[in-house]
Each structure stands twice: as C-alpha cells, then as structure tokens.
Amino acid sequence: MAPNMRDVELTEVDIDGAGEEVRLLDSYDEEEKLRRIQVRVTGMTCAACSTSVEGALMGLNGVVKASVALLQNKADVIFDPALVKDEEITNAIEDAGFEAELLSEPTASRTNPHGTVVGQFTIGGMTCAACVNSVEGILKKLPGVRKAVVALATSLGEVEYDPSISSKDDIANAIEDAGFEASFVQSSEQDKIVLGVVGIFGEMDAQLLEGILSNLHGVKQFYFDRVSSDLEVVFDPEVLGSRSVVDGIEGGSSGKFKLLVKNPYTRMASRDLEESSRMFRLFTASLSLSLPVILMRVVCPRIPLLYALLIRQCGPFQMGDWLKWALVTVVQFGVGKRFYIAAGRALRNGSTNMDVLVALGTTASYVYSVCALLYGAISGFWSPTYFETSAMLITFVLLGKYLETLAKGKTSGAIKKLVELAPATATLLVKDKGGKVVGEREIDALLIQPGDILKVLPGTKVPVDGVVVCGSSHVNESMVTGESAPVLKEINSVVIGGTINLHGSLHVQGTKVGSNTVLSQIISLVETAQMSKAPIQKFADYIASIFVPAVVTMSLLTFFGWYVAGVLGGYPEEWLPENGNYFVFSLMFAISVVVIACPCALGLATPTAVMVATGVGANNGVLIKGGDALERAQKISHVIFDKTGTLTQGKAKVTTVNVFIEMDRGEFLTLVASAEASSEHPLAKAILEYARHFHFFDEPSDTSEFQTYSEQAKFSGWLHDVSDFSVLPGKGIQCSIDGKWVLVGNRKLLTDNGITIPSNVENFVVELEESAKTGILVTRDNIVIGALGIADPLKREAAVVVEGLIKMGVKPIMVTGDNWRTARSVAKEVGIEDVRAEVLPAGKAEVVRSFQKGGSVVAMVGDGINDSPALAAADVGMAIGAGTDIAIEAAEYVLMRSNLEDVIIAIDLSRKTFARIRWNYIFAMAYNVIAIPVAAGVFFPLLKLELPPWVAGACMAMSSVSVVCSSLYLKRYKKPRLTTILEITIE
C-alpha cells in the first residue's frame, strides 16, 4: 500500500539571498555528521566586528568553519552537533557583544537530514484576533515547528517545520484540536506534484496505479486519496521531472488514466467557495427554522384561528410551546453545533473567542426558556420564554459570517487576478534525438520544464519566462511593467510568462518555470504581504486576549447589578416585562451584553486593510512585502534616490569623444572598447556599443540586450587581446593591451596611480561635468591619451516626482558614486538640494544611517547590487523593478514599472491605508464602547432604551461586516496623476 501522507514532507526550505560566501562552504556538507546553520547578527558596523564574531565562533569546540557576511548581517556556521549546540553558537555571538537570531537552515541538497519545510494550511472557523493568537500559540508549541504565522483576513497559516519531527497531519490535527478546521494547501517542496486522476473505478484500478508508481524510477513516495481522486507524488528531480511522472503514469496505464495537474491557488479558491457555500446553507437552515418561531410570537396572535391552535393545551404545555421548543432545539444543537465545538476546543486550550460568547448567550437564553416551561408546568406560574432570542441570535451570527466570507473573498481578489494571468496550457515542440522538430503537443503549463521549446501563437499568452529562439513579434508586457506600448521581441530577447503575444509566432525556450517565474514571484510577494502582520496589529491582539473574559465579567456585573437593585426596590415593577420577574429582567440585559460585544471587528481592522492595500498596490505596479512595510512607509520623512538607473534612465550613451594625442579616433575607440569588454558596468557597455556602432554603422535591435552585444564583441575579432584585467570599484578598470598598461576611469583612478592630469584635459572634463555628463579618462603607460563624455538622460517624471514629494512633506536626497560637479548638475535639474556625491557602495548605507540617527524615517530608492546594503539599511527600501534580483530581495517595496511616479503611489497608498486602519479601529472601538453600555441598560432608566438579545445579535453580526466593507473602500483608490500630483499637501 502507499505510504501515509505524513511521510511526504521531506525537503528543506530554500533560503533566498544567501551570499557568495555561503557557496564556498558547500563542500563541507558532504559529511553527514556535520550541520550547517545561519544566524542573523545585529550590531556589526565594520570589518572588525565581523572578524570578532568569526573569532568567537571558531573558538567553540566543534565548529569546523564560520563565515560572517557584514552586509547581509549573517553568519554561516558548519559544526558537529555532537560537540556544540545551536544555543551555544548564538550565546557565543551575544557574549561577543552582538545580538543573534537563529535563521532557517540553508539548503543542503539531500545531505542535511534536519531540513525544514514551509507548509501552507487553510484554517476555517477563525473569527477574531483571539482565534489567531490561539492557533499561533498551539502551533508554536508543536515539536519541530520553528515558525508559525496565521492571517485572519485570508484564513491561511504558514508553518515552518521539520518534517522528520512533525508531519503536516500533526499540524492539521493540532489546529483542529484548537477548535478550528484545517486542510493542507501546499509546501515549499520543489519535488512534489499533486494530480487529479480520472479513470479509477475500483480496487483493481487503484492497484494498477500503485504498481505503476512503484516501478517508476525516481518516485520516492506517493499517496492516493480515493475520495477526492487526488494523487500526491514525491520524486527525485534529478532523475525525472513532473511531466515525466505524468507521462509515466498515463503510458503505464495504456491511456486508461488521465491526469490533471492541481494548481494550489485554484484549490484554495475552491475551498473559499466551499466555505462561503457552507455558511450560506447553515444560515438558510437557521433562518427557515427561526422564522416560524418569530411568526408564532409576533404574527399569529393577530390571527385568531392560528392563535387558537397555538394555545391549545397538549400535555403539560401548549402546542405553541412544543413547536418553539422543537424548532429552536434543532437550531441550537444542530445548526449551532459548530459554536459549541469551537468554544469547547478553545476553552480546553486555555483561550477564549467569539464562539465562547455566542455559545454562552444562546445557551443562557435556551436554558432559561426550557426551565421557565418546566417551572410553569410544575408550579402553574408561567414566565415568558425567549426561544426566539436563541434562534435569531444564531441566525444573525451565521448571516454575519456569510457576509464576512463574501467580503473577505473580495479582499483576496488581487491574487486571483494574478493567477488568472498564467496560461493553462502550452504547445510543446517535440524533437527527436537529433534535435529535429517532429511534432507538437499540448501540455499543462505547470508541466513545462527548463529547456523546453514552446510555440507561442499570435493572441496567446507566453507560458513561462524564457528566451526567443525563433521568430519575431510584439508582446504586451503591461501586466508586469504597466506600459501599454508593445515591446519588440526577436531572437535572444527575454520574454515573461503571462504576457500576451500580439502578432507574429514565436518559439520560446523556457528558462524559469514553476515558482521561479516572474509571475509566480509576484504572486508570492503579494501572498507574503497579505500573510504579514503590521505592528499596529499587536494592539488588536492584546485587546483580544482580554476581551472575552472582560465581557463575561461585565455581563455578570450587569446581571447582579440589575437583580440586586430590583430586589432592594431600586426601580419600579412597571419596568418588568409581562409575567416577568427581576431574574428574567436582569438576565436579558446580561445576555445582550454577552451577545453584542464583538472582538471580530477589532481583529479584522488591520489585516483586511493591509490585504486590500497590497492588492491595490499590485494592480498599480507596486509590490508591497508586508504590513510592517506599509506602516513604516506612511511615516517616511526622507527619500534617498540613487542617481544612475533610478533618477536617470540607466541607458548611458557616449556623447563626446576627444583624443589628446596623435591617434586615429577609430583606433582609440578600439583600445577603450577592448579594455571595457570584460566589464559589466553600464558605462562600459555604453562605450562598447558606441565603438561597435562607430566601426560597423549598425544599431542594436534591442537596446536592453547589452550582454548579448558584449559577448558578440568579444569574439568578433576586432578587439585587442587583454590580460591582467581587474575592476577597481568606484574608480574604473585596468588591464594590459599589447604589453602596455591601460587605465580607464575617473580622476581618482589616475591620481591614485600618480598620473598628472593636464590642464586642457581637466578643463574638458569639468565642462562635461557641468553639463551633467560623466567624464571618462583613458591613459596608456601613464599618459592621458583621451577622454569620453557619457550622458545618462533623466527620467521624464523625475523632476515632477521630486517636487511632489516636497509638497507631501518628504525631503528628497540624491546619493551617487559620481563626481560632485555631475551630481550637482543632475540634482539641479530635478530640484534636489541635498546631494551626496563620490559615495562608495558601502557608504550609501552610512548615508541612510546618518539620517536615521536624527529620528527620521528614511526610504531608499535604488536598482543595483551596490544599492542593496542601503536598501536593507533603510526603514523602507524601494527597488526599481528592472533592477537586480539582489536589490529586489533587499527592499520592502518593488516598483515593477521602473517609474518614479510609483514612489509617490507607494507613500500615498501607505498613508491612505493607515488612515483607513485608524477609521476601522474607531468603528470597532466606538461600536463596543457605545453598544455594550446600551445593551447593559445604562440608558434604560432615563430613555427606556434597551436592546433585546436578538437585536444585539444582529448588531454584533453587522459590526465585523462593516469593518471589512470599510477596508474594501480602499479598492476605490486612484493613484495621483502627474498633472495633479503637485496639489498634494501634508495630511
């Protein structure tokens, strides 16, 4: 038989962003007895600090290797777990004077038996922040669980755990034991596939499937659910791929079985729909049973014939009493069973939530009504019953839950829209062993593998990220860039999955598939942001932790206060209901207090607003990585811009060439291009492109494909051979050409090498810099032979955005490694007064910290690898979407369109989101502050104002819905336009 599902979760978490120093340690992972961990080290400011940490770690007995990355604030440690423990490593760092936090273990491909997996679970039945706290508390206590985050708005939980200690079934069972429903969605495993199997009708078919999988080389484990017909397969990705699994099963069954790949996001959407449908069924069932009870109390007394039937004696009770009792019992213990189950589990785990309040209120009303009937049958004194209170209370609570699921479904619309962008199928070009195309085959887009050649017809979506290998066409990339203008794609052009091919047919070779595609990463970023908690949420969590006990206490005080006052003659008997007494009168106020108090609205105030805001941001090309980033962004007082590629277009072009010796211009350009051909710097690529065009008079077909031109240039035969090439960061490059030493760079490069710059050369460079151009000097054997002027045009929106930020009360600053004259000239054009020039990459982070020391909330906007330390150091890092992966990883905001206007959108959206969150808290707090005194009868002596329990239940149901609808108002957000952006003022 197939192994149990608890054996499936076996792969480790892949920690992104590991530095190069981590890869140098991979060889140590070959020894299974050794373990490898990463530790976040806080407080390091220089190389001496990192050396101190390394020394402290290497001083521990059992540590084999320790490497500390200053910029990443991480330590990577290889050690023998038999000699030293994790805690001893963190203690050693703390003893050295720094703060230490153990991070998730880095991936060690199948050699580390202690890896972790991130699993995602849907959690049903959560109603407030107290529920979230309860689930998180239970999960964090499970053995093997390293981290657990639960989001109320999405009804999702993410758990990082060690599958060798706790399985996903253990996690799901723990959630259910806490009083909630749980189901597994997906994990971080890259070697697992979930398939729907069509064609299994009996035991023989199931055994055939098991036999095929058992004989399929590379399959590690599998599990087939006969109820849902879902098949989960764990396989070795180095032996076979997901498509090979599907082909192997379908081929082994001779076509009897048909397999469909299950998209986890589609499964989540179906579960959301099921939850909404279930709530609607419960609500309609409760309403259909409760309406007759209301009619018997309100309408039937006005219809003599019906009323006569209801008051007809039938045994010890009237016919109407029997009917009410029977109908409400079904509602109370049938439809309302979920409240008792959830409340019981919550209480067993030492927590309280809204289910406890509902169960208390409805039970008190029901038990009193039953006791009143029995007491009347025994004594002959008939007190009024309140069966309808219990029934209508459950009905209104279920109505509120149903409306809440609908509203929460609308808040998650961003992910659904992004998922819909991905194509469902793709056309695979089938090749023979010689590489010749012999046919086409339509496959599920989730089965595409790296290296596949795919045919993309006009009007269809590009299946995955890849490179064009045949054909040319224009592609609509607005889903990523926001730009409506189609982009020309030719051979070697990069295409993005989910974009639309407009005209010609393309053959695309897949390079990034699955979770590695741009679209998948966007979805992951949005999902992560919606899972995160803003710091302001801690307020709601604290209130939720004390809310239910406080409400129960207020309810008891209300009951005893009214009852004692009545017995002592504190109010007239005329206030009592017909045939009522002080006990009944007091009990109704107490039940109303329990019922009307609602912690749900407080719990939903922040997460729903954050969820909507992240979706709105994604729709406007701004990806937000979390609620904490949103909260910091609304407080931004300073924005620091990198110059090259951020304020400028990042498309440097040579505008001026001046040769100072007797040398042919073409020969000079060939010399400089040969020196710069091995450099990846944008200025080097600009020089190489200019020289290539000078010699061959051709224009590149796509100005973004610099690397392709560089490779072509290296092997085209027109460049000189180069030796001893090296890059000098912040200065330039040096190399040897034909036995002569060549330098290409700025003034500092020359002065550091003892080369004197002639006055005519200096004047030429100064003239360039004053016109916002960068001057590049060239020397050969310590003689200045020429100079080039390179211009990087400003982005057209730069000046307007800078002025808009000033109007918003935000101070813009520019930082660059360029010289002061060029920096001041560029800053003057865009309107920035505060400029920091000639700053090395590490110095940008210091500029950020210098403003933070004054108490300012600082944002950094950049695009390159050299900006990543500053992006990480800033309170809010904003990475240009066209920048490097490292810069994007270090930032909290990703501006996908590479448009500076999105900086305005990011800050404006953050401010509006937290203004909405504040309103949500005002609504939630005001509701409870006003409603609870009214329900307790505080205004009854003066105004005769009271809330019957069933009315209180209706108010409670609507309170959480009103907060969710308030958050949904953010969907109406309109981004500021450039024509009106200058009208923005400080709010």
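Residues numbered from 1 in each chain as written. Predicted model: local features only at pLDDT ≥ 70, side-chain atom pairs only at ≥ 80, totals over all residues. Heavy atoms only, no water.

Chemist: Outline the overall build of the protein, supporting the account with residue identities and numerical values.
Modeler: Within the protein, the regular secondary structure consists of 34 helices and 36 strands. The proportion of buried residues among the 987 residues of the protein is 53%. Contacts in the protein between residues far apart in sequence, at least 24 positions, make up 70% of those at least 6 positions apart. Carbon and sulfur atoms form 57% of the exposed surface of the protein, whose accessible area is close to 43000 Å². (Helix = DSSP H or I, 4+ residues; strand = E, 2+ residues; numbered from the N terminus. Buried < 20%, exposed > 50% of the residue type's maximum accessible area, 1.4 Å probe, protein only. Contact = heavy atoms within 4.5 Å. Areas by Shrake-Rupley, 256 points an atom, 1.4 Å probe, with all protein chains shown as cover.)

Chemist: Outline helix α6 (residues 203-215), listing residues and values.
Modeler: Look at α6: 18 Å from first C-alpha to last across 13 residues, which is about the 18 Å you get at 1.5 Å a residue. Within the sequence span of α6, burial applies to D205, A206, L209, I212 and L213. Summarising the axial view, the buried residues of α6 lie within an arc of 125 degrees, below the 170-degree limit, and thus occupy one face. With respect to the buried face of α6, the exposed residues turned more than 90 degrees away are M204 and N215. Packed against the buried residues of α6 are β10 (219-225), β11 (230-235) and α7 (242-252). (Expected span 1.5 Å × (residues − 1). Arc of directions from axis to C-beta.)

Chemist: So what about the UniProt feature "transmembrane region" (unreviewed entry) in the protein? Which residues, and what values?
Modeler: The sites that UniProt annotates as "transmembrane region" (unreviewed entry) are residues 287-310, 356-378, 384-403, 539-562, 582-605, 921-943 and 949-970. When the span residues 356-378 is considered, its composition is 100% helix and 0% strand, and the gap between its end C-alpha atoms is 32 Å. Secondary structure across residues 384-403 comprises 85% helix and 0% strand; the distance between its end C-alpha atoms is 33 Å. (UniProt positions renumbered as here; feature names shortened; annotations may be inferred.)

Chemist: How would you explain the packing of aromatic side chains if you had to name every residue and give the values?
Modeler: Here the structure, examined in full by the defined rule, presents 24 aromatic pairs. With 5.7 Å between their ring centres and 20 degrees between their planes, F333 and Y340 make a pair best called stacked. For F333, a relative accessible area of 42% translates into the label partly exposed. A ring pair is formed by F585 and F940, whose centres lie 5.7 Å apart and whose planes are at 65 degrees; its orientation type is edge-to-face. With a gap of 355 residues between them, F585 in helix α18 (residues 582-596) and F940 in helix α33 (residues 940-943) connect regions that are remote in the sequence. Judged by relative accessible area, F585 falls into the buried class, the value being 5%. Among the aromatic residues, ring-to-ring pairing joins W562, Y571, W575, Y582, F585, F589 and F940 into one connected group. The ring of F339 carries R338 above its face, with NZ or CZ at 5.3 Å from the centroid. When the ring centre of F940 is taken as origin, the NZ or CZ atom of K944, which lies over that ring, is 5.9 Å away. (Phe/Tyr/Trp six-rings, centres within 6.5 Å; stacked < 30°, edge-to-face > 60°. Lys NZ or Arg CZ within 6 Å of the ring centre and 35° of its normal.)

Chemist: So what about the sheet that holds strand β19 (residues 473-476)? Which residues, and what values?
Modeler: Sheet strands line up and pair through hydrogen bonds in the backbone, either parallel or antiparallel. Strand order in the open sheet formed by 3 strands is β20-β19-β22, and the pairing between neighbours is antiparallel. With one partner strand each, in any of the chains shown, β20 (487-489) and β22 (500-501) form the two edges of the open sheet. Where β19 lies against β20, 3 bridges are found, and the strand directions are antiparallel. What sits directly across from S473, in β20, is K489. (Pairing = 2+ DSSP bridges.)

Chemist: Quick rundown of the pattern of salt bridges? Include the residues and the values.
Modeler: Tallying each qualifying case throughout the model produces 15 salt bridges. Between D834 and R836 there is a salt bridge, with its nearest N and O atoms 3.1 Å apart. A relative accessible area of 14% means that D834 is categorised as buried. The network of salt bridges with common partners includes R747, E762, E769 and R821. (Salt bridge = Lys/Arg side-chain N within 4 Å of Asp/Glu carboxyl O.)

Chemist: Before we move on, could you go through helix α28 (residues 820-830) and cite the residues and values that matter?
Modeler: Taken residue by residue, α28 has T822, A823, S825, V826, A827 and V830 as its buried positions. Considering only its buried residues, α28 is in contact with α21 (643-647), α26 (759-770), β30 (774-780), α27 (798-807), β32 (811-815) and β33 (834-836). One side-chain oxygen at the N-terminal end of α28 lies 3.1 Å from the backbone nitrogen of R821; it belongs to N819. Of the residues one or two after α28, G831 is the one with positive phi, at around 95 degrees. (Polar contact = N/O pair within 3.5 Å; in protein donor to acceptor, adjacent residues only side chain to side chain.)

Chemist: Break down the nonpolar core for me, with residues and values.
Modeler: Core analysis: the largest hydrophobic core is formed by 142 residues, its most contacted members being I636, V639, M878, Y893 and V903. Considering each element in turn, this core owes the most residues, 15 residues, to helix α32 (residues 901-935). Residues within four places of V639 in sequence aside, it is in contact with L805, V810, K811, P812, I813, A859, V861, V903 and I907. I687, L719, I737 and I790 belong to the second-largest nonpolar core, a separate cluster that totals 27 residues. (Core = buried A, V, L, I, M, F, W, Y, C linked by side-chain atoms within 4.5 Å.)

Chemist: So what's going on with the sheet that holds strand β31 (residues 783-791)? Residues and values would help.
Modeler: Spatially, 6 strands are ordered β26-β31-β30-β29-β28-β27 in an open sheet, and the strand pairing comes out antiparallel. Each edge of the sheet is formed by a strand with only one pairing partner; in this case those strands are β26 (653-659) and β27 (722-728). Strand-to-strand twist across the sheet, computed as the mean angle between neighbouring axes with direction ignored, equals 15 degrees. Alignment of strand β28 (residues 732-737) against strand β29 (residues 740-745), held across 6 bridges, turns out to be antiparallel. Within β29, the position partnered with G732 by the bridge is G745. Contacts from helix α22 (residues 665-676) reach β26, β27, β28, β29, β30 and β31 within the one sheet, and its direction differs from that of β31 by about 80 degrees. (Axes fitted to C-alpha atoms, helices over the stretch in contact; angles between N-to-C directions.)

Chemist: Give a description of the packing of α26 against α28 that names residues and reports values.
Modeler: Their axes nearest at 7 Å, the elements α26 and α28 cross at an angle of 20 degrees. Considering the angle they form, α26 stands roughly parallel to α28. The way α26 lies across α28 gives a crossing that is right-handed. Here E762, V766, E769 and E770 of α26 come into contact with α28, specifically with R821, T822 and S825. Per-class residue counts for the contact of α26 with α28 are 1 nonpolar, 2 polar and 4 charged. (Parallel < 35°, antiparallel > 145°, perpendicular 65-115°, else oblique. Left-handed = near helix turned anticlockwise from the far one by under 90°. Nonpolar A, V, L, I, M, F, W, Y, C, P; charged D, E, K, R; others polar.)

Chemist: Residues and numbers for the packing of α18 against α32, please.
Modeler: Between α18 and α32, whose axes approach to 8 Å, the crossing angle comes to 165 degrees. When the interaxial angle is binned, α18 and α32 end up roughly antiparallel. Taken as a pair, α18 and α32 cross one another with a handedness that is right-handed. In this structure, α18 uses F589, S592, V593 and I596 to contact α32, whose residues at the interface are Y927, N928, A931, I932 and A935. Among the residues forming the contact of α18 with α32, the class breakdown is 7 nonpolar, 2 polar and no charged.

Chemist: Could you give me a rundown of unusual backbone geometry, with the residues and numbers involved?
Modeler: Glycine aside, residues mostly have negative phi angles, and peptide bonds mostly take the trans form. The backbone phi angle of D724 is positive, close to 55 degrees, even though this residue is not glycine. Checked against the element boundaries, D724 lands in strand β27. The backbone phi angle of K944 is positive, close to 55 degrees, even though this residue is not glycine. Considering the arrangement of structural elements, one finds K944 in the loop between α33 and α34 (949-968). Since its relative accessible area comes to 43%, K944 is described here as partly exposed.

Chemist: Please give an account of the pairing of strand β3 (residues 74-79) that cites residues and values.
Modeler: Counting buried positions along β3 gives 6 out of 6 residues, so the element sits mostly inside the fold. Residues K74, D76 and I78 point to one face of β3 and A75, V77 and F79 to the other, with burial holding for every one of them. Pairing of strand β1 (residues 35-42) with β3, which is carried by 6 bridges, proceeds in the antiparallel orientation. Residue R35 lies in a different strand from β3, and its bridge partner there is F79.

Chemist: Could you give an account of the environment of V63, naming the residues involved and the relevant values?
Modeler: Among the secondary structure elements, V63 is positioned in strand β2 (residues 63-69). A relative accessible area of 10% places V63 in the buried class. On a C-alpha basis, the gap between V63 and F79 in space is 4.2 Å, while along the polypeptide they are 16 residues apart. Every residue in contact with V63, bar those within four places of it in the chain, is listed here: L57, M58, V77, I78, F79 and V84.

Chemist: Describe the side chain of T90, listing the residues and the values that go with them.
Modeler: Among the secondary structure elements, T90 is positioned in helix α3 (residues 86-95). Filtering out sequence-adjacent residues up to four positions away, T90 remains in contact with V39 and A100.

Chemist: Lay out the confidence of the model for the protein with the relevant residues and their values.
Modeler: On average, residues of the protein score 78 in pLDDT, and 81% of them are at 70 or above. When pLDDT is averaged over each helix and strand of the protein, the minimum, 31, is found for helix α1 (residues 20-23) and the maximum, 94, for β29. Ignoring residues within four places in sequence, the model shows residues 104-114, a span with pLDDT below 50, making 35 contacts including any to other chains. Of the regions scoring below 50 in pLDDT, residues 698-715 engages in 27 contacts with residues more than four places distant in sequence or in other chains. (pLDDT = per-residue confidence, 0-100.)

Chemist: Tell me what's going on with a nonpolar patch on the surface, and back it up with residues and numbers.
Modeler: Together, L295, V298, V299, I303, L305, L306 and L309 make up a nonpolar patch on the protein surface, roughly 590 Å² of accessible area in all. Looking at the nonpolar patch, the elements with two or more residues in it are α8 (264-298) and α9 (304-310). Among the elements that line the nonpolar patch, the one with the most residues is α9, at 3 residues. Tracing the backbone shows V298 in helix α8. Owing to a relative accessible area of 43%, V298 belongs among the partly exposed residues under this scheme. (Patch = residues over 30% accessible without salt bridge, like charges linked within 9 Å, V, L, I, M, F, W, Y side chains within 5 Å.)

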